[in-house]
Amino acid sequence: MLNIAVRAARRAGSIINRAALDGSGYEVRSKRLNDFVTRVDHAAEEAIIETVRKAYPDHAVLAEESGASAGRAEYQWIIDPLDGTTNFIHGFPQYCVSIAIRHREAMAHGVIYDPMKNELFTASKGRGAFLNDRRIRVSKCLRLADALVGTGFPFKEIDRINVYVQQMRSLMAKSAGLRRAGAAALDLAYVACGRLDAFWELGLSPWDMAAGALMIQEAGGLVGDLGGEPGYLESGEIAAATPKIFTALLEALR
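Quick summary incoming for the structure in this document.

Topic: the packing of aromatic side chains
For the coordinates displayed, the defined rule picks out five aromatic pairs. With a centroid separation of 6.4 Å and an interplanar angle of 50°, the aromatic rings of Phe-121 and Tyr-190 are classed as tilted. Residue Phe-121 is found in strand E8 (residues 119–124), and its partner Tyr-190 is found in helix H5 (residues 184–192); the two are separated by 69 residues along the sequence. For the pair formed by Phe-121 and Tyr-190, the shared burial category is buried.

Observations concerning the packing of H5 against helix H6 (residues 206–218)
Close contact between H5 and H6 brings their axes to 8 Å; oriented N to C, the two are set at 0°. In terms of orientation, H5 and H6 fall into the roughly parallel class. From H5, Ala-184, Ala-185, Leu-188, Ala-189, Val-191 and Ala-192 reach across to H6, where they touch Asp-208, Met-209, Gly-212, Ala-213, Met-215 and Ile-216. Per-class residue counts for the contact of H5 with H6 are ten nonpolar, one polar and one charged.

Details of the sheet that holds strand E11 (residues 148–152)
Sheet strands line up and pair through hydrogen bonds in the backbone, either parallel or antiparallel. If you trace the five strands from one edge of the open sheet to the other, you get E12-E11-E13-E15-E14, paired in mixed fashion. The sheet is open, and its two borders are formed by strand E12 (177–179) and strand E14 (222–224), each paired with just one other strand. Strand-to-strand twist across the sheet, computed as the mean angle between neighbouring axes with direction ignored, equals 15°. Here helix H4 (residues 161–174) sits on the sheet and contacts E11, E12 and strand E13 (198–201); the angle it forms with E13, its principal contact strand, is near 165°. Across the sheet, H6 lies against E14 and strand E15 (238–241), angled at about 145° from E14, the strand it touches most.

Overview of the pattern of salt bridges
One pass over the full model with this rule turns up six salt bridges. The closest approach of N and O atoms between Asp-114 and Lys-117, which form a salt bridge, is 3.1 Å. Exposure remark for Asp-114: the relative accessible area of 0% places this residue in the buried category.

Digging into the packing of H4 against helix H8 (residues 246–253)
As a packed pair, H4 and H8 sit with axes 8 Å apart at the nearest point and diverge in direction by 135°. Between H4 and H8, the angle is such that the two are oblique. For the pair H4 and H8, contact is made by Gln-167, Ser-170, Leu-171 and Lys-174 and by Leu-249, Ala-252 and Leu-253, respectively.

Thoughts on the side chain of Glu-237
Turning to its location among the elements, Glu-237 is positioned in the loop between helix H7 (232–235) and E15. Accessibility expressed as a relative area gives 18% for Glu-237, which makes it buried. With residues up to four places along the chain from it excluded, the contact list for Glu-237 reads Arg-160, Glu-201, Leu-202, Gly-224, Asp-225, Leu-226 and Tyr-232.

Brief notes about the layout of surface pockets
Size it by volume and the second largest pocket reaches roughly 280 Å³. What lines the second largest pocket is a set of 13 residues, among which Glu-105, Ala-106, Met-107, Gln-217 and Tyr-232 lie closest to the centre. Of all the secondary structure elements, the ones that give two or more residues to the lining of the second largest pocket are strand E7 (106–114), H6 and H7. The element that contributes the greatest number of residues to the lining of the second largest pocket is H6, accounting for four residues. Along the lines of polarity and charge, the residues of the lining of the second largest pocket split into seven nonpolar, one polar and five charged.

Quick look at helix H1 (residues 2–22)
Over its 21 residues, H1 runs 30 Å from end to end, which matches the ideal 30 Å to within 8%, given 1.5 Å per residue. Within the span of H1, buried status applies to Ile-4, Ala-5, Val-6, Ala-8, Ala-9, Ala-12, Gly-13, Ile-15, Ile-16 and Ala-19.

Cut-offs used in this document
Residues numbered from 1 in each chain as written. Predicted model: local features only at pLDDT ≥ 70, side-chain atom pairs only at ≥ 80, totals over all residues. Heavy atoms only, no water. Phe/Tyr/Trp six-rings, centres within 6.5 Å; stacked < 30°, edge-to-face > 60°. Helix = DSSP H or I, 4+ residues; strand = E, 2+ residues; numbered from the N terminus. Buried < 20%, exposed > 50% of the residue type's maximum accessible area, 1.4 Å probe, protein only. Axes fitted to C-alpha atoms, helices over the stretch in contact; angles between N-to-C directions. Parallel < 35°, antiparallel > 145°, perpendicular 65-115°, else oblique. Contact = heavy atoms within 4.5 Å. Nonpolar A, V, L, I, M, F, W, Y, C, P; charged D, E, K, R; others polar. Pairing = 2+ DSSP bridges. Salt bridge = Lys/Arg side-chain N within 4 Å of Asp/Glu carboxyl O. 1 Å grid on protein atoms, 1.4 Å probe; cavity = no way out; pocket = protein on both sides within 12 Å on 5 of 7 lines; lining within 4 Å. Points joined across faces, edges and corners; volume = space filled by probe spheres on them. Expected span 1.5 Å × (residues − 1).

Shown next as structure tokens:
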């Protein structure tokens, strides 16, 4: 099943790379304020779903552009064909394909593929996390004061900007630095491999978080909502960090 997810992600990545090299025909459309979709998003998603359906015709799908499929299958594929669309439109090289597979209520597999850098992050429950077949672990950061923290602006929930600015002010004072790159799934993968020590964001969707959250857990990190509880896929609020600084991150966000 993980191999099918990898095949689907690479196929979507090829579509994205061809479009990036061509540099035209994006056909950008606004879904809502500050939220865009292109023809590439749709083509990549169709390629992923086609690959999945060929191997597992009875599995359920939850995808960003086409929504949820009918049925109550034991397995559900949670798909973001192009996380970081705004970056992609502008040629800013920080975007990815994200695919997670949920078995009943638990995440079983996750794949995050950065087609620009040809970096493939994978994880399976109980079997660890990997970057291009090399085992990865979260960083050994022990103090929030030494941590490089990733974040994302709540651009889909602009009415929450005041809360977010307070959180950002708190973390700017208590960490070594903040970074906002614009692709939440890839940010979570970066926590898993130690490039970031922590991450938080408000207003996300399940396809932004599912694969990356499993990756962090399999790499030895902790993930929760802003209260440290496991309901982040439902609330859309996520905090993730190395074990030693997770509690300090939550306190700073509070």
